[in-house]
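Listed here are the chains, written in short residue letters.
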Number of protein chains: 2
Amino acid sequence: MTEEVALAFDDADLLPAIAQDADSGDVLMLAYVSPEAVKQTVETGLAHYYSRSRDELWKKGGTSGHVQHVENVRVDCDGDTFLYLVEQEGGACHTGYESCFYRQIEELNGDETAEIEVVAEKVYDPDEVYE
Amino acid sequence: MTEEVALAFDDADLLPAIAQDADSGDVLMLAYVSPEAVKQTVETGLAHYYSRSRDELWKKGGTSGHVQHVENVRVDCDGDTFLYLVEQEGGACHTGYESCFYRQIEELNGDETAEIEVVAEKVYDPDEVYE
């Protein structure tokens, strides 16, 4: 049984989407999506996002080949965040790590900086992927 | 070995924070944090967020008792999203589900609504918790 829910896109017509590895459960990244990005994701089965800095729709892995096969898309209780459950090819992070969340905060230095420790290993060499 | 990273709070001095169950790996919720919310989280070991609608700092579970014990805080490659790894008491969602992401999108109906299916079971009765 399905029911209809509202999608609460913000004033810029964007919402955050979390990508989670469907097998390992690792949270891979957060990016923003437009209605068109969600539509492309559902239609193609490949994760699409909307770049706020470049102001354009993008397919994850379009340059690197590190696409995300989307098994399903969830929406939260407020209809204002998406969760993509994905099979990640290569690594999600442009730095070479599987997940963008490879740094753990050890201590906060005021409001704008933190001391971190790297808690993961790189899974690919970004210099070989982004030429 | 630690190193210093910049935290890229936006113009409203906020950033999204994802809460993930440290044991099950389930993504529980996404909320926003101010520098003070992150500071309170690190200092107390309990998840704090900043409510955009109420315009105030809040401690998760302050009303329901469903607090989140934060094992560690990660920050992403751009320094603009946090990941709280937590031990969740009760359920994270105010609707009674463990996770706010209890609905799977089956079909998009244009840009503003979607057909969903509920893919989880409630873990508590919200009527008994929020009186």
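Residues numbered from 1 in each chain as written. Chains lettered and ligands numbered in written order. Predicted model: local features only at pLDDT ≥ 70, side-chain atom pairs only at ≥ 80, totals over all residues. Heavy atoms only, no water.

Participant: A description of the sheet that holds strand β9 (residues 113–118) of chain B should follow, citing residues and the corresponding values.
Facilitator: The sheet built from seven strands is open, its strands ordered β1(A)-β9(B)-β8(B)-β6(A)-β7(A)-β2(A)-β3(A) with mixed pairing. Taken across any chain shown, the strands that pair with only one partner, and hence form the sheet edges, are β1 (3–6) and β3 (27–33) of chain A. Across the sheet, the mean angle from the axis of one strand to that of its neighbour is 40°, orientation sign disregarded. Across two bridges, the pairing between strand β6 (residues 68–75) of chain A and strand β8 (residues 103–109) of chain B is antiparallel. Note that in β8 of chain B the partner of Val75 of chain A across the bridge is Arg103 of chain B. Its contacts with the sheet put helix α1 (residues 35–44) of chain A on β3, β6 and β7 (82–88) of chain A together with β8 of chain B, and the angle it makes with β7 of chain A is roughly 40°. (Pairing = 2+ DSSP bridges. Helix = DSSP H or I, 4+ residues; strand = E, 2+ residues; numbered from the N terminus. Axes fitted to C-alpha atoms, helices over the stretch in contact; angles between N-to-C directions. Contact = heavy atoms within 4.5 Å.)

Participant: Just give me the short version of the side chain of Gln20 of chain B, but keep the residues and values in it.
Facilitator: Within the element layout of this structure, Gln20 of chain B appears in strand β2 (residues 15–21). Note on Gln20 of chain B: relative accessible area 6%, which makes it buried. There is a polar contact of 2.9 Å between the side chain of Gln20 of chain B and the backbone oxygen of Gly25 of chain B. In this structure Gln20 of chain B touches Gln20, Gly25, Asp26 and Val27 of chain A together with Gly25, Asp26, Val27, Leu28, Leu83, Tyr84, Leu85 and Val86 of chain B, once residues within four positions along its chain are discounted. (Buried < 20%, exposed > 50% of the residue type's maximum accessible area, 1.4 Å probe, protein only. Polar contact = N/O pair within 3.5 Å; in protein donor to acceptor, adjacent residues only side chain to side chain.)

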